[in-house]
Every structure is written in C-alpha cells, then in structure tokens.
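Summary of the model geometry
One-letter residues, chain by chain:
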Amino acid sequence: MNWLAHVTLSPPNCEMQLGNLLADLLKGRKWPEMSSDFGAGIKLHYRIDHYTDSHELWKRSCRRLSERGYLRGVVIDVVYDHFLTKHWRNFATQSMRDFLDNFYLETEQYTEGLPDDARSFVKSVVESDRLGRYGDPLSVHRAMERIDERLSDRIRRRETTSQYIPLLADAYDGIEEDFLEFFPLLMEHVS
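Here the structure is a predicted model, which means the values were calculated and not measured.

1. A few points about the packing of helix H4 (residues 56–65) against helix H5 (residues 72–86)
Where H4 meets H5, the closest approach of the two axes is 9 Å, and the angle between their N-to-C directions is 110 degrees. One way to sum up the angle between H4 and H5 is to call them roughly perpendicular. Together, Leu57, Trp58, Ser61, Cys62, Arg63 and Leu65 of H4 and Arg72, Gly73, Val75, Ile76, Asp77 and Tyr80 of H5 make up the contact between the two elements. Here the residues of the contact of H4 with H5 are counted per class, giving seven nonpolar, two polar and three charged.

Okay, here's the thing in structure tokens:
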C-alpha cells in the first residue's frame, strides 16, 4: 500500500497516521520526543505491508503487469492508491476532501518534534496535496517519475517504475478488480 492507504487505514489519530505515513522514510529511526502513538503507527505500517505483500490478490495484480520485475510491487502500491481515490465512497463515510483537509490541518500540531527530513516530507505532502492527487492518472505517472528519481543508478539501469506505465493501460481493469476485492480484506485485517 502507498501513502494514502496507510493514512486512511490508521485510526483517527494524527500521530498514528503520521507514524504510518513516515515509517519507510524513517527506517526504524527513533528520537527522544517520539510518542507511543507515533510508534504504534510505524508498527501498523509494517503490519499493513506484510499482509499486503503476502496476499495472493496483490501478487496477482503484480503478475498482471509482468511475471518478473523488482519494482512491480511499488507500481501496484501507487495504483492501489489511485483506486482507493476512485472508489473512496465504497470505503469511507467522510468525503476524501474532508478527510485529507482534517489530516493536513492536524499535522501542523505534530510535525514540530519530527526529525528534519520527516518534517520536510510532511510539509511537502501537505503543501502539494499529494495524497489528494492519486485520482488523476497524470499524477500517478508523476508519482512514478518521483520514485524513479530516488532510485539508485544500479536499480535504474535494471528497471524503473515509469517503464510500467504502458503496461498499466492493458492491465488497468484487472488490477482494479483485484483492488476492489482486496481492500475490504485489508480493512478487516487492520481493524
């Protein structure tokens, strides 16, 4: 799952949502001011990832792109956020705009004590409304380009997430079916 799903699957607690959002960026790093709720959000992130990465529906989505590929899972995570945006009303009672506006507003209270890189990341996500843009296919492509920019040269020589964009057009409907079957199971697992 990608960022929108991680924030959405968290309990309505901004520190847990931030921990869930920032877990990969922080890579297990702790700091003196880290709250237990933030730590619980990090643990939830890894629980979501473990369930997702081991689930047959998510694996089937990956295979719809290609039988092999190091970055297929990253692409599927981003595309699943696109489908979460597209089908938001199936999974939430609050509008996505209200949900994100509340989350963005609350982050202001909790980012001050974060490490610099985490604080900068959250500020960038909020200012660009990055979580709210997954509904637009062009934004999905841009997200993949941003991922490609962060890849090591070694991985970039092997593959990029952007190379999967043409494959997504052919696999789109099947991946959407996988997502619609998978996400309720993930929600149940998390709850």
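Let's pick the thread back up.
2. Structural notes on unusual backbone geometry
The phi angle at Asp129 is positive, at roughly 50 degrees, despite the residue not being glycine. Inspection of the secondary structure puts Asp129 in the loop between helix H8 (116–128) and helix H9 (137–150). On the accessibility criterion, Asp129 (17% relative accessible area) is buried.

3. A short note on the confidence of the model for the protein chain
Residues at a pLDDT of 70 or more form 99% of the protein chain, whose mean pLDDT is 91. Taken element by element, the protein chain is modelled with least confidence in H9, mean pLDDT 89, and with most confidence in H4, mean pLDDT 96.

4. Some thoughts on the nonpolar core
Counting residues in hydrophobic clusters, the biggest one holds 58 residues, and the most contacted among them are Leu22, Leu131 and Ile175. In terms of residue count, helix H11 (residues 165–190) provides more of this core than any other element does, eight residues in total. In this structure, Ile175 is in contact with Ser61, Arg64, Leu65, Ile76, Val79, Tyr80, Phe83 and Leu168, ignoring residues within four places of it in sequence.

5. A short note on the environment of Asp101
Here Asp101 is to be found in helix H7 (residues 96–110). With relative accessibility at 37%, the residue Asp101 sits in the partly exposed group.

6. Concerning H7
Think of an α-helix as 3.6 residues a turn; residues three or four steps apart then line up on the same face. Compared with an ideal rise of 1.5 Å per residue, which puts 15 residues at 21 Å, H7 spans 21 Å between its outermost C-alpha atoms and is within 8% of the ideal. Among the residues making up H7, those that are buried are Met96, Phe99, Leu100, Phe103, Tyr104 and Thr107. Buried residues along H7 cover an arc of 125 degrees about the axis, so they all sit on one side. For H7, the exposed residues set more than 90 degrees away from the buried face come down to Leu105, Glu108 and Gln109. On its buried face, H7 is in contact with helix H1 (3–9), helix H2 (14–26), H5, helix H6 (88–91) and H8.

Conventions adopted
Residues numbered from 1 in each chain as written. Predicted model: local features only at pLDDT ≥ 70, side-chain atom pairs only at ≥ 80, totals over all residues. Heavy atoms only, no water. Axes fitted to C-alpha atoms, helices over the stretch in contact; angles between N-to-C directions. Helix = DSSP H or I, 4+ residues; strand = E, 2+ residues; numbered from the N terminus. Parallel < 35°, antiparallel > 145°, perpendicular 65-115°, else oblique. Contact = heavy atoms within 4.5 Å. Nonpolar A, V, L, I, M, F, W, Y, C, P; charged D, E, K, R; others polar. Buried < 20%, exposed > 50% of the residue type's maximum accessible area, 1.4 Å probe, protein only. pLDDT = per-residue confidence, 0-100. Core = buried A, V, L, I, M, F, W, Y, C linked by side-chain atoms within 4.5 Å. Expected span 1.5 Å × (residues − 1). Arc of directions from axis to C-beta.

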